[in-house]
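What the coordinates show
Residues per chain, in single letters:
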Amino acid sequence: MVYIGVILFFIFMQFQAREKFSERIGSLVVSGVFAKTLGGEQRMRHLEVQFHGLRMEFSASANVIAGFGETRESKLALESFNQFPDGFELALNDDAALRFVVEGGVEDRVVITPSIPRQLRGMRTLSLPFHSLDGTVEAVKGIPLLAHQGPAGLTYASLSSGSQIDTEEGRFVLRVGSEGDALVLERVPEDSDPYVYWFSRSFTLVDEENFADTVESYLNRAYQYWYSVFLGNPGSRDLIGDLGTSLISEAIKRGEYRRTLALLSRNLRQLASENADNPELYNSAAYLGNLPSFLAARQNSASEQIQGITDLIRQADFSVFKTPRLLPFILNHAPFSLAEEVLRLADSVQLETADVNTLINLVIIYLDALKYLDVGEATLARMSDIIDRFVFPSIHKTQRGLFLSTSRSDQAPEANLYMSILMGTTLMQAGEALARQSYTAIGRTLTYSALDLADTEGFLPARVLIQSGEAEPRGDLLSPQSVYHLLPGSYYTPTEYPLYSFLYPGSWIWTVSRLADVKIDDTQYRFFFSFTVGDTHYLLIQGIRPVSSVIMHGIPWKSDPEYFRYSDGWLYDETTQTLYAKMTHRTESEELVLNY
């Protein structure tokens, strides 16, 4: 019996014999404990991976969790460790594995890729443990990226789209089953922007030069299409609306304004007489004159619009935020109290339950509030929170670039290209206003990606289906004139500029030139307009008190009821408190001075 006990004891000790090891591959350190069986096989008991103080531990007690939906999960235990020249592989039970690779000889970048066997194909998530040895960890809002600050500097742990990071439990919850379902560990410079890093993980975000070239190429194709419509059918009703103003705006930029306007003017006037009930026809007044008719039509349509906006606000109906340029419109045409009510309603929106379209419109409203009103830090913080926590997670990475999905579903989401371009433009504006380079870079790439899908005439698919890293065009076509106003360079379309921040509610400028600057004091109003040299445009300034004199081109200029017959002139209508003007630019920047 003693003999048998001794044998059993040695057998037991053989199974319990443990050995330790430690290996380094670049900045990746792996150490572990294994036991040897009687047959000489190694059975892993514990393994620890360290990367600049960020630690991941694996053991035979199954601390890797495979998720198969909300109700079912399976624990995966560590079984073996296999090293190769640029990394190693951890084998888990059920034939699952984790492959750690130091990429391209770069010591400060490690890619962790799961291998999912056939029997686990229904797996949706893979949960991996982590903690910090001597540092702090923070999950970046809106994207699956962990920032680890330790003695060795800043390290990012970046996961694929749809993944999550649970800092309380110390878990990377990696979404699997799609392309790019990897976890990347990388040491980065201290000033690295996490959003730029994450969105550019699969490809490089578009820089200013490439973006400008793409927009120029797109507008060239669109302009040729618009001109072909005009030449093919000079009497087309389309010339009244966005197509006509887009055509003229681009003609101004290209030095073809006078020739184009001469060809268009007779047809536009005829169209106007035949379509007197179409409010869009009055936009041509900025190019052709007849400003009083435009103002009367604008004030008439504004009255109806104000009532509709007021009703929606009283009902706390968030669809009011869809109103184009809502806040500038209210400042120009409605009681100021309505602007305050809009901001209160915007602040009341529960961001967690709001749809993506509403969130985009909220960002636009907050940007306009920043531009025209004296808003506080809380408004700026809320705007950033919307972008970081809710807009960014709706942006999907594909082989063709970035696209904004307006659906909260992860199952084959669709991107609306108009909203994608709108968000791209909005992000660029937010980046400039808040000094956030990441917003600017991501916004450029959103717009670029949409324009890159355009055909030879500038038409875009209305939607794209996002699936397996691809963007598949769907739906009807989106005309170039419908997105033109969202693109940089659409300078010369009729625009209302609120003067509230300089004067008071109800004061505004309407012009197709660029309003470069405004300087106001008690005795003088100075407005600086930018337009092409030698070309003429009309403008009006609404809601100002009577002037004592006007200076144009640096000299006093007399008022004349027939001002529109000359190259330059002006008239003040005391009944409507409106100054009408016609200006032919002798230099690119012209100053209009009103003396009091």
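The following paragraphs examine the structure supplied in this document. (Residues numbered from 1 in each chain as written. Predicted model: local features only at pLDDT ≥ 70, side-chain atom pairs only at ≥ 80, totals over all residues. Heavy atoms only, no water.)

So, on to the sheet that holds strand 31 (residues 569-573). Reading across from one edge, 24-25-28-32-31 is the order of the five strands in this open sheet, with antiparallel pairing throughout. On the outer flanks of this sheet lie strand 24 (495-498) and strand 31, each paired with one strand and no other. Between one strand and the next, the sheet's axes are offset by a mean angle of 15°, whatever the strand orientation. When strand 31 meets strand 32 (residues 578-584), the two strands line up antiparallel, connected through five bridges. Note on strand 32: the bridge partner recorded for Tyr572 is Leu579. Contacts between helix 7 (residues 291-314) and the sheet are confined to strand 24, strand 25 (508-511), strand 28 (536-542) and strand 32, with strand 28 contributing the most and set at about 45° to the helix. The strands touched by helix 8 (residues 326-333) within the sheet are strand 24 and strand 25, with strand 24 carrying the most contacts at an inclination of about 70°. (Pairing = 2+ DSSP bridges. Helix = DSSP H or I, 4+ residues; strand = E, 2+ residues; numbered from the N terminus. Axes fitted to C-alpha atoms, helices over the stretch in contact; angles between N-to-C directions. Contact = heavy atoms within 4.5 Å.)

Next up on the list: the sheet that holds strand 23 (residues 470-478). Overall, antiparallel pairing links the three strands, which are arranged 21-22-23 in an open sheet. The open sheet has two edge strands, strand 21 (414-416) and strand 23, and neither has a second partner. Neighbouring strand axes in the sheet, compared pairwise and without regard to direction, differ in orientation by 25° on average. Note that strand 22 (residues 460-467) and strand 23 share seven bridges and pair antiparallel. Bridge pairing in strand 23 links Val464 to Pro473.

Now for the pairing of strand 33 (residues 589-595). Counting buried positions along strand 33 yields five of seven residues, so the element is predominantly enclosed. Across seven bridges, the pairing between strand 27 (residues 524-530) and strand 33 is antiparallel. The residue of strand 33 that forms the bridge with Ser530 is Ser589. When strand 29 (residues 549-552) meets strand 33, the two strands line up antiparallel, connected through four bridges. Along strand 33, the bridge assignment pairs Val550 with Leu594. (Buried < 20%, exposed > 50% of the residue type's maximum accessible area, 1.4 Å probe, protein only.)

Further remarks concern the packing of helix 10 (residues 356-372) against helix 11 (residues 377-391). In helix packing, the relevant descriptors are the interaxial angle and the interaxial distance, both defined with respect to the helix axes. Viewed as axis vectors pointing N to C, helix 10 and helix 11 meet at an angle of 150°, and their least axial separation amounts to 10 Å. With respect to helix 11, the axis of helix 10 lies roughly antiparallel. You can see that helix 10 and helix 11 cross each other, and the crossing is left-handed. When helix 10 is examined against helix 11, the residues Leu359, Leu362, Val363, Tyr366, Leu367 and Leu370 are found in contact with a partner set consisting of Thr379, Leu380, Arg382, Met383, Ile386, Ile387 and Phe390. Of the residues assigned to the contact of helix 10 with helix 11, the class counts are eleven nonpolar, one polar and one charged. (Parallel < 35°, antiparallel > 145°, perpendicular 65-115°, else oblique. Left-handed = near helix turned anticlockwise from the far one by under 90°. Nonpolar A, V, L, I, M, F, W, Y, C, P; charged D, E, K, R; others polar.)

This brings us to the pattern of salt bridges. If you walk through the whole model with that rule in mind, you get 21 salt bridges. Among the ionic pairs, Glu186 bridges to Arg109, the shortest N-O distance being 2.9 Å. Here Glu186, found in strand 18 (residues 183-188), pairs with Arg109, found in strand 10 (residues 109-115); they are 77 residues apart in sequence, far enough to count as distant. The closest approach of N and O atoms between Arg474 and Glu472, which form a salt bridge, is 3.3 Å. A network of salt bridges, in which partner residues are shared, links Lys141, Glu352, Asp385 and Arg389. (Salt bridge = Lys/Arg side-chain N within 4 Å of Asp/Glu carboxyl O.)

Right, let's talk about the side chain of Ser530 for a bit. Structurally, Ser530 can be placed in strand 27. Note on Ser530: relative accessible area 9%, which makes it buried. Here Glu588 takes part through its side chain, which lies 3.4 Å from a polar atom of the side chain of Ser530. In contact with Ser530, not counting residues within four places along its chain, are Tyr492, Ser513, Arg514, His585, Glu588 and Ser589. (Polar contact = N/O pair within 3.5 Å; in protein donor to acceptor, adjacent residues only side chain to side chain.)

What follows covers a negative patch on the surface. Taken together, Asp207, Glu208, Glu209, Asp213 and Glu216 make up a surface patch of like negative charges. In this fold, Glu208 is placed in helix 3 (residues 208-232). Overall, Glu208 belongs to the exposed group, its relative accessible area being 61%. (Patch = residues over 30% accessible without salt bridge, like charges linked within 9 Å, V, L, I, M, F, W, Y side chains within 5 Å. Areas by Shrake-Rupley, 256 points an atom, 1.4 Å probe, with all protein chains shown as cover. Lys, Arg positive; Asp, Glu negative; His and termini not counted. Charge placed at Lys NZ, Arg CZ, Asp CG, Glu CD.)

Further remarks concern helix 10. Given a rise of 1.5 Å per residue, 17 residues ought to cover 24 Å, and the 25 Å separating the end C-alpha atoms of helix 10 matches this to within 8%. At the N-terminal boundary of helix 10, the capping side chain belongs to Asp355, with an oxygen 3.1 Å from the backbone nitrogen of Asn357. (Expected span 1.5 Å × (residues − 1).)

Once that is clear, we can look at the packing of aromatic side chains. Taken as a whole, this structure holds 24 aromatic pairs when the rule is applied. Ring centres of Phe21 and Phe34 lie 6.0 Å apart, and the angle between their planes is 45°; this geometry places the pair in the tilted category. Here the residue Phe21 occupies a position in strand 1 (residues 18-25), and Phe34 occupies one in strand 2 (residues 28-36), the gap between them amounting to 13 residues. Exposure remark for Phe34: the relative accessible area of 7% places this residue in the buried category. Ring geometry for Phe199 and Phe392: centres 5.3 Å apart, planes at 65°, overall edge-to-face. One end of the pair, Phe199, is in helix 2 (residues 194-199); the other, Phe392, is in the loop between helix 11 and strand 19 (395-398), with 193 residues separating them in the sequence. Under the relative-accessibility criterion, Phe392 is labelled buried at 1%. Put simply, the rings of Phe21, Phe34, Phe58, Phe81, Phe88 and Phe100 pair up and form one aromatic cluster. Cation over ring: Arg514 sits above Tyr491, and NZ or CZ is 4.0 Å from the ring centre. Stacked on the ring of Tyr596, the Lys or Arg Arg545 has its end atom at 4.0 Å from the ring centre. (Phe/Tyr/Trp six-rings, centres within 6.5 Å; stacked < 30°, edge-to-face > 60°. Lys NZ or Arg CZ within 6 Å of the ring centre and 35° of its normal.)

In this structure, Ala462 sits in strand 22. C-alpha separation for the pair Ala462 and Glu169, spaced 293 residues apart in sequence, amounts to 42 Å. For Ala462, the residues in contact, after removing those within four places along its chain, are Ala415, Asn416, Leu417, Arg474, Asp476, Leu477 and Leu478.

Right, let's get into helix 3. The end-to-end C-alpha separation of helix 3 is 36 Å, in line with the 36 Å expected for 25 residues at 1.5 Å each. Residues of helix 3 that are buried: Phe211, Thr214, Val215, Tyr218, Leu219, Ala222, Tyr223, Tyr225, Trp226, Tyr227, Val229 and Phe230.

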